[in-house]
Amino acid sequence: IVKAKKAGNPAAVLKQTEQDKEKAEKDADVARTNLDDGSHRVLREAKRIQPLVEQDLTKCLLDYAELQVKYSKLNGEAFEKLIPPLMDANAKLTAKAEDAAADAGKSEA
């Protein structure tokens, strides 16, 4: 196009421009076809692996649930061991507080 403009030949400029436009349209068509082909391949592959992904996700959720059950059981066992000593300590503290209150009442009287 630059050479045609320098030569002062508008017909050559027009012809070159039309050729460039046709080449660009062909390139765009090829790109569209490549995009469509790629999109179809991606969708086909996604459909193929979907059951595998669902299976993996289900297994992952099941493993998580099992871990939560084990954790809850261990946590419950720990509290079962912890509660009796806490109850004994609470009873002793309550008795001491009652004794202290009774002693305070006697000294005031």
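Parameters at a glance
- Residues numbered from 1 in each chain as written.
- Predicted model: local features only at pLDDT ≥ 70, side-chain atom pairs only at ≥ 80, totals over all residues.
- Heavy atoms only, no water.
- Helix = DSSP H or I, 4+ residues; strand = E, 2+ residues; numbered from the N terminus.
- Buried < 20%, exposed > 50% of the residue type's maximum accessible area, 1.4 Å probe, protein only.
- Areas by Shrake-Rupley, 256 points an atom, 1.4 Å probe, with all protein chains shown as cover.
- Salt bridge = Lys/Arg side-chain N within 4 Å of Asp/Glu carboxyl O.
- Patch = residues over 30% accessible without salt bridge, like charges linked within 9 Å, V, L, I, M, F, W, Y side chains within 5 Å.

*Asks:* Please clarify how the overall build of the chain should be interpreted in this entry.
*Replies:* Check the secondary structure of the chain and you find 2 helices and 0 strands. Considering the chain as a whole, with its 109 residues, one finds that 3% of them fall into the buried category. Accessible surface, the chain as shown: approximately 10000 Å² in total, 62% of it carbon and sulfur.

*Asks:* It is not clear to me how the pattern of salt bridges should be interpreted in this structure. Could you clarify?
*Replies:* Two side chains of opposite charge can pair, provided their charged atoms sit close to one another. Inspection of the entire model under this criterion finds 5 salt bridges. For Glu25, the salt bridge goes to Lys21, with nearest N and O atoms at 3.7 Å. Of this pair, Glu25 and Lys21 both sit in helix H2 (residues 10-108), 4 residues apart, which is roughly one turn of that helix. The residue Lys23 makes a salt bridge to Asp27 at a minimum N-O spacing of 3.0 Å.

*Asks:* What should I look at first to understand a nonpolar patch on the surface in this one?
*Replies:* On the surface, a nonpolar cluster with roughly 500 Å² of combined accessible area is contributed by Phe79, Leu82, Ile83, Leu86 and Met87. Assignment of secondary structure puts Phe79 in helix H2.

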